[in-house]
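Architecture and fold: a report
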Amino acid sequence: MIDYAWLIPLFPAMGFLFNGLIGRWCNLDKRVVSWVACSALGLSFLLSVLIFFSLLKLAPDARAAVPDKILFDWIVSGDLKTAVGYKVDPLSIVMALVVSGVSFFIHIYSVGYMHGDSGFTRYFAYLNLFVFMMLTLVMANNFLLMFVGWEGVGLCSYLLIGFWFERDAPANAGKKAFVVNRVGDFGFLVGIFLIFVHLGTLEFNQVFAKAHLLTPVTVTLITLLLFVGATGKSAQIPLYVWLPDAMEGPTPVSSLIHAATMVTSGVYMIARCQVLYSMAPVSMGVVAIFGAATAIYAASMGLLQFDIKRVLAYSTISQLGYMFLAVGVGAFSAGIFHLMTHAFFKGLLFLGAGSVMHALSGELDMRNMGGLWKKTPITFWTFLMATVAIAGIPGFSGFFSKDEILWQAFSSPHGHLFLWVVGAAAAGMTAFYMFRLTFVTFLGQCRATEEVKKHIHESPPIMTVPLIILAGLSVIGGYIGIPHVLGGRNYFHEFLAPVLGGLPEGSGHASFSPVKLAYANGGVEGSGGANLEIILMVVSVIIALIGIGIAFYFYIRNPEVPKRLAQRAKTCYTIIFNKYYVDEIYEASFVNSTKKIGNFLWREFDDGVIDRTVNVVGGLMLWWGRILRKIQTGQVQSYALGMLVGAVVIIILLIR
Amino acid sequence: MLSSVPPFYYFLVSALIFIIGAIGVLVRRNAIVIFMCIEMMLSAVNLSFIAASHYLNSLDGVLMVFFVMTVAAAEAAVGLAILVLLYRGRGTIKADEINLLKW
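Residues numbered from 1 in each chain as written. Chains lettered and ligands numbered in written order. Predicted model: local features only at pLDDT ≥ 70, side-chain atom pairs only at ≥ 80, totals over all residues.

**What about the pairing of strand β1 (residues 69-77) of chain A?**
Of all 9 residues making up β1(A), only 0 are buried, and the element is barely covered by its neighbours. Between β1(A) and strand β2 (residues 80-86) of chain A, which pair antiparallel in sequence order, lie 2 residues; one of them, Gly78(A), sits at a positive phi of approximately 60°. (Buried ≥ 20, exposed ≤ 12 C-beta atoms within 10 Å, placed from the backbone. Helix = DSSP H or I, 4+ residues; strand = E, 2+ residues; numbered from the N terminus. Pairing = 2+ DSSP bridges.)

Shown next as structure tokens:
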């Protein structure tokens, strides 16, 4: 079964070719298009599940050692030998499962959501292409093929953000996403070059096997450059600016690409390169600090937004920050765990937002919503489940993954109390803004116009069924990784351990930590760390509950309070409401200075030097021509005179 | 008898005829006269060939003269035909009035 892993990305590729070529040319019926697109994804998902189970049957150590499935040689040039090959190991199969699974449900949802759109076929062709590229990214067995997927998802992101390209805003947002990603991709590419220069290979297995040959400085440089790529793709400080604008695309796209899958590829990449990162503590620190900073920074921006999708976008950036915090402190499997649960609940949140927009004739501003829970019960309950999950309420998936990250941020050898504090504060903010969103959207009085009110309706089953399934996953998704202190067993962690390293099977969650020694009091070895973990867990839950409580107080009990508060802290409010003016600062510094350089080069260098040189040369020729053509008088006798004089001169020269 | 005249005189006469022809080509207006002057230049060259051939005891020069005469005959045929057509078309065969081929 494992031998057929290469079929997983191939199905969406075939779906793309079919829909993109035949579907567009022959103007196929929407039903055919959607069946092809969804069944391609269904097959991929099914195959991922089958391969997952055949991988489970192997011994834990053998799972990581499954030979790569090489399809064909791709680039063979001197020392550079690159094959198109797919890797099957616990990490890539988890990613393939998440990607193909979530994509499958979002495809089904899209059939309903995009029903009336004239670009229906184009949409599904792009979406299939995206999944193909994403699966190539996560299953590639070398850096170059991974880079192909990396760029491919960037391309699809561009195409789908600008899907409604007739309007200016989506077209510009697509461009912005593409350009900002280019900055990150540059770093990523240079990192790959460095790997090749120093190790002479790009294949993951060989690179990681030879990694010990690298000097510490080189490893640090490589990992930092790779992280630059990750900040672009995964919307971290300082390259996060494109993600909020990316919400101009269709909502299922925001759900699939800009929440569940593509933006997490940076986390996956760092987890895949954990051998390199483990050798570079400086890079790990950088990753963790940027992750924590992004987590709290983006969460603070999410507090005050009114656009329902933008709140979710900032939330996504913030949650991605958590994942980077996790991989930065060395808790790679915790990062991947959060990646998975986040894909469930954030995908669901976006789909729910799409369902709300569907009900409200495309309304995005939550100030014009409210009281929807009676009219759209399925959307409300599923949305609520996702909200509870992301807020980290015990029993829901977000709790397990987020709590593991917070604990690791504190206890791991790379961790620090400060990182925990930042993470916990961001968690409180997350709980606040998510419940604010839910309360304002679904509870209270309906503030929509009468015209819109009449049309409020629950979405059709083709949209609500994916919502329900994802809601189920958001609830139970966490139970595969229950912390040991709660008496559970972290199956997820154990499954990934052969690739990502970490604890040997069965050892305690808390007991390996060095802080255990520092914090364990009274000499009861082992229990001190566990006690501490429980204490921190309780604290973070309390923080989340406080966030929810504040949201409840502000938006249900006493809706006047936030306005008064905003009045009192006007400066602070304005700054945060305007997203710290980062877009404006970037506009003024990078964008404008680039434009100025471009203008200068255009006016001064291109016009002034290159064009002028060409024009002067051409002008000289013209001038000469104008003078010399006077010789050609049409008088045969003057030509004859010229010939004679020439002949005489030649003869004189010859006989002299 | 021939041998009593030094070759220098032959070449002198030849050069004089050639120069007269060349000046005629350059200064005369009538195309037929120009044409005749060209024939004169060719004849001057022929004279040099013959003289050189005689004094060098070689037939190469004579051979060359036949070629020149053949070419001159062919040229006369084509050239006169051109002149006839020119006269029909433009009503003149004055060289300075036939100056269409210019910038």
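**Quick notes on the confidence of the model for chain A**
Per-residue confidence for chain A averages 88 on the pLDDT scale, and 96% of its residues sit at or above 70. Here residues 503-527 of chain A is modelled with pLDDT under 50, and outside its nearest four sequence neighbours on either side it reaches 34 contacts, counting other chains as well. (pLDDT = per-residue confidence, 0-100. Contact = placed C-beta atoms within 7 Å.)

**Points about the environment of Lys210(A)**
All names here are of chain A. The residue Lys210 is located in helix α8 (residues 204-210) in this model. Since 14 C-beta atoms lie within 10 Å of it, Lys210 is described here as partly exposed. Between the C-alpha atom of Lys210 and that of Val190, which follows or precedes it by 20 residues, the distance is 19 Å.

**Re the interface of chain A and chain B**
On the chain B side, the residues contacting the 10 residues of chain A number 10 residues. In the side of chain A that touches chain B, the residues fall into 4 nonpolar, 5 polar and 1 charged. (Nonpolar A, V, L, I, M, F, W, Y, C, P; charged D, E, K, R; others polar.)

**Focus: the packing of helix α16 (residues 332-359) of chain A against helix α17 (residues 377-391) of chain A**
Residue and element names in this part refer to chain A. Direction vectors running N to C along α16 and α17 enclose 145°, while the axes themselves pass 9 Å from each other. Relative to α17, the crossing made by α16 is left-handed. For the pair α16 and α17, contact is made by Phe345, Lys346, Leu348, Leu349, Gly352, Ser355 and Val356 and by Thr379, Thr382, Phe383, Ala386, Ala389 and Ile390, respectively. (Axes fitted to C-alpha atoms, helices over the stretch in contact; angles between N-to-C directions. Left-handed = near helix turned anticlockwise from the far one by under 90°.)

**Looking at the nonpolar core**
Core analysis: the biggest nonpolar cluster contains 202 residues, and Phe130(A), Met134(A) and Leu325(A) have the highest contact counts within it. Looking at which domains feed residues into this core, each of domain 1 (1-140) and domain 2 (162-578) of chain A gives three or more. Every residue in contact with Phe130(A), bar those within four places of it in the chain, is listed here: Val153(A), Cys156(A), Leu160(A) and Ile257(A). Within the second largest apolar cluster, 6 residues are counted, among which are Ala22(B), Val25(B), Phe35(B) and Ala95(B). (Core = buried A, V, L, I, M, F, W, Y, C linked by C-beta atoms within 7 Å. Domains from an automatic or database assignment.)

**Things to note about the packing of helix α15 (residues 308-328) of chain A against helix α18 (residues 397-411) of chain A**
When two helices pack together, their arrangement is given by the angle between the helix axes and by the axis-to-axis distance. All names here are of chain A. Put simply, α15 and α18 touch, their axes get as near as 9 Å, and they point 45° apart. Our classification of the angle between α15 and α18 gives oblique. The two elements α15 and α18 meet at a crossing, and its hand is left-handed. Within the contact between the two elements, α15 uses Tyr322, Leu325 and Ala326 and α18 uses Lys402, Ile405, Gln408 and Ala409. Residue composition of the contact of α15 with α18, grouped by class: 5 nonpolar, 1 polar and 1 charged. (Parallel < 35°, antiparallel > 145°, perpendicular 65-115°, else oblique.)

**Side note on unusual backbone geometry**
Residue and element names in this part refer to chain A. Look at the link from Ile237 to Pro238: it is a cis peptide, with omega at 5°. The phi dihedral of Ser361 is positive, around 55°, even though this residue is not glycine. As for its position among the elements, Ser361 is in the loop between α16 and α17. Look at Tyr581: it is not a glycine, yet its phi comes out positive at around 55°. Note on placement: Tyr581 falls in the loop between α26 (570-577) and α27 (582-628).

**Here's the deal with α18(A)**
Given a rise of 1.5 Å per residue, 15 residues ought to cover 21 Å, and the 21 Å separating the end C-alpha atoms of α18(A) matches this to within 8%. The element α18(A) is largely enclosed, with a buried count of 15 among its 15 residues. (Expected span 1.5 Å × (residues − 1).)

**Concerning α16(A)**
Residues and elements named next belong to chain A. With 28 residues, α16 ought to run about 40 Å at 1.5 Å a step, and its terminal C-alpha atoms sit 40 Å apart, in line with that. Along its length, α16 shows its largest kink, about 30°, at His342. With 27 of its 28 residues buried, α16 lies for the most part within the structure. Immediately beyond the C-terminal end of α16, within one or two residues, lies Ser361, with a positive phi of roughly 55°. (Bend = angle between axes of the 7 residues up to and from the residue.)

**Description of the domain arrangement of chain A**
Taken as a whole, chain A is organised into domain 1 (1-140), domain 2 (162-578) and domain 3 (590-655). Between the C-alpha centres of domain 1 of chain A and domain 3 of chain A the distance comes to 61 Å.

**Thoughts on the environment of Ala5(A)**
Residues and elements named next belong to chain A. Looking at where Ala5 falls in the secondary structure, it is placed in the segment before α1 (7-25). Ala5 sits in the buried class, given 25 other C-beta atoms within 10 Å. Taking the C-alpha atoms as reference, Ala5 lies 27 Å from Ser77; in sequence the two are 72 residues apart. Once residues lying within four places of it in the same chain are set aside, the contact partners of Ala5 are Ile51, Lys69, Tyr86, Val88 and Met139.

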